[in-house]
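In case you want the letters, here they are:
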Amino acid sequence: MKKQISFSLFTTICLFVFTILQFSCDTLRKNPAPVAQPRRTNTTANNRRPTNAPARKPANSRPTPTKDKPAYSNASPSRNYNREIPQVVEVARTYSGTPYRSGGNDKNGIDCSGLICSVYSEVGIKVPRISWQQSEFGTEVGSIQEIRPGDWVFFVPEAGKEGYVSHAGIVTDVRNQQEIFFIHASTSRGVREDNLFSTYFKGRFVKAMRPF
C-alpha cells in the first residue's frame, strides 16, 4: 500500500515538473531572446569636415602676390622705356583740352590718374589706375633736379601740408631747374600743361616717380 502511494506521489511530481518544463519551452518559443543589433554609424557626422581642419584650396587657385606691384610686374615695355618717352608725351598732348570728369578714362572726360592710365594704355603699357597706387609705382626720383620727361609728379591738396596724394601728372618737358612742365587733368580747366614751379603747384608737390 505504501509502495502504491509512493509511486503515485512520484508520478504526480514528475507530471508536475514535466508540465512546468513544457510551459517554459512554449514561453521561450513565443518570446525569443533579443538579438544584438549591429551598431549603426552616423555616416552624416563622419562625413563632415572637422572644424579645425584647413579647407583645401581649389586646384586652379593662384597664390596671392606679395610684391608692391604684383599686378603690373610684367607690364614693363619690352623695349627701352627711354625710347618710349617721346611717344608717351605725344599721346598725352592729344588729350589737351579734354574736360575733367571724375572717374573718366577717355577724351569725353578724364581725371588725373585716368589720364596717366589711358596714355600708357595707348602706348601699350599697363599701369595702375588709382593715383595712390601710381604714387607707389616704379622708383622715386631722388630730387627735383633729377626729374626728366616721362616721370610722374604727385601733389597733396594743401600747400605746405602733408596729406594723401590727390593729384598727378606726367612730366613733358624739362627746360631748366625752374621750368619743369607736366601735363595733367585740372579740375577747373581740363587737361593742360603747367610748370611745376608755379606758385600753386610748387607748394603742393610731394614727389616724383620714374615708372620704368
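Engineer: Mind showing me how you'd approach helix H4 (residues 112-123) here?
Structural biologist: Between its terminal C-alpha atoms H4 stretches 17 Å, which fits the 16 Å expected from twelve residues at 1.5 Å a residue. Of all twelve residues making up H4, ten are buried, and the element is well covered by its neighbours. Three or more residues of H4 are buried, namely Cys112, Ser113, Gly114, Leu115, Ile116, Cys117, Ser118, Val119, Tyr120 and Val123.

Engineer: Teacher, can you tell me more about the layout of surface pockets here?
Structural biologist: Here the idea is plain: a probe the size of a water molecule rolls over the atoms and shows the empty space left. Put simply, the largest pocket is a space of about 390 Å³. Residue lining of the largest pocket: 21 residues in total, with His167, Ala185, Ser186, Thr187 and Tyr200 positioned closest to the centre. Of the residues forming the lining of the largest pocket, the biggest block, three residues, is contributed by strand E6 (residues 179-186).

Engineer: How do you make sense of the side chain of Ser186 when you look at a structure like this?
Structural biologist: Assignment of secondary structure puts Ser186 in strand E6. Side-chain polar atoms of Ser186 contact the backbone nitrogen of Arg189, separated by 3.2 Å. In this structure Ser186 touches Tyr100, Val191 and Arg192, once residues within four positions along its chain are discounted.

Engineer: I keep staring at helix H3 (residues 81-93) and nothing clicks. Help me out?
Structural biologist: The periodicity of an α-helix, 3.6 residues per turn, causes residues three or four positions apart to be oriented the same way. For H3, spanning 13 residues, the distance from its first C-alpha to its last is 18 Å, which sits close to the expected 18 Å at 1.5 Å a residue. Buried within H3 we find Tyr81, Glu84, Ile85, Val88, Val89, Val91 and Ala92. Against H4, strand E5 (167-176) and E6 lie the buried residues of H3. The backbone nitrogen of Asn82 lies 3.0 Å from a side-chain oxygen of the residue at the head of H3, namely Asn80.

Engineer: What's the story with the pairing of strand E8 (residues 205-210) in this structure? I'm lost.
Structural biologist: Residues in a regular strand project their side chains so that they alternate between the two faces of the sheet. Judged from the two bridges that link them, strand E3 (residues 139-140) and E8 form a sheet pairing that is antiparallel. Counterpart to Thr139 in the pairing with E8 is Arg210. Pairing of strand E4 (residues 152-155) with E8, which is carried by four bridges, proceeds in the antiparallel orientation. In the strand pairing of E8, Phe155 is matched with Phe205.

Conventions adopted
- Counting from 1, residues in each chain are numbered in the order their sequence is written.
- The predicted nature of this model means local features are confined to residues of pLDDT at least 70 and side-chain atom pairs, given and counted, to a pLDDT of 80 or more, with totals for whole chains, interfaces and linings taken over all residues.
- Heavy atoms throughout the structure, all of them, feed into the side-chain values; hydrogens and water do not.
- Working definition: helices are DSSP H or I runs of at least four residues, strands are E runs of at least two. Numbering for both runs from the N terminus.
- Here the expected length of a helix is defined as 1.5 Å per residue gap, with one fewer gap than residues.
- Working definition: with a 1.4 Å probe on protein chains only, accessible area under 20% of the residue-type maximum means buried, over 50% means exposed, and in between means partly exposed.
- Cavities and pockets were defined on a 1 Å grid built from protein atoms only: a cavity is a group of points that admits a 1.4 Å probe but offers it no way out, a pocket is an open group of points flanked by protein on both sides within 12 Å along at least five of seven lines, and a lining residue is one with an atom within 4 Å of any such point.
- Grid points are joined across faces, edges and corners, and a volume is the space filled by probe spheres set on the points.
- Nitrogen and oxygen atoms within 3.5 Å of one another constitute a polar contact, given that in protein one can donate a hydrogen and the other can accept it, and given that sequence-neighbouring residues count only through two side-chain atoms.
- Whether two residues are in contact is decided by their heavy atoms, any of which lying within 4.5 Å being enough.
- For two strands to pair, DSSP has to find at least two bridges joining them.

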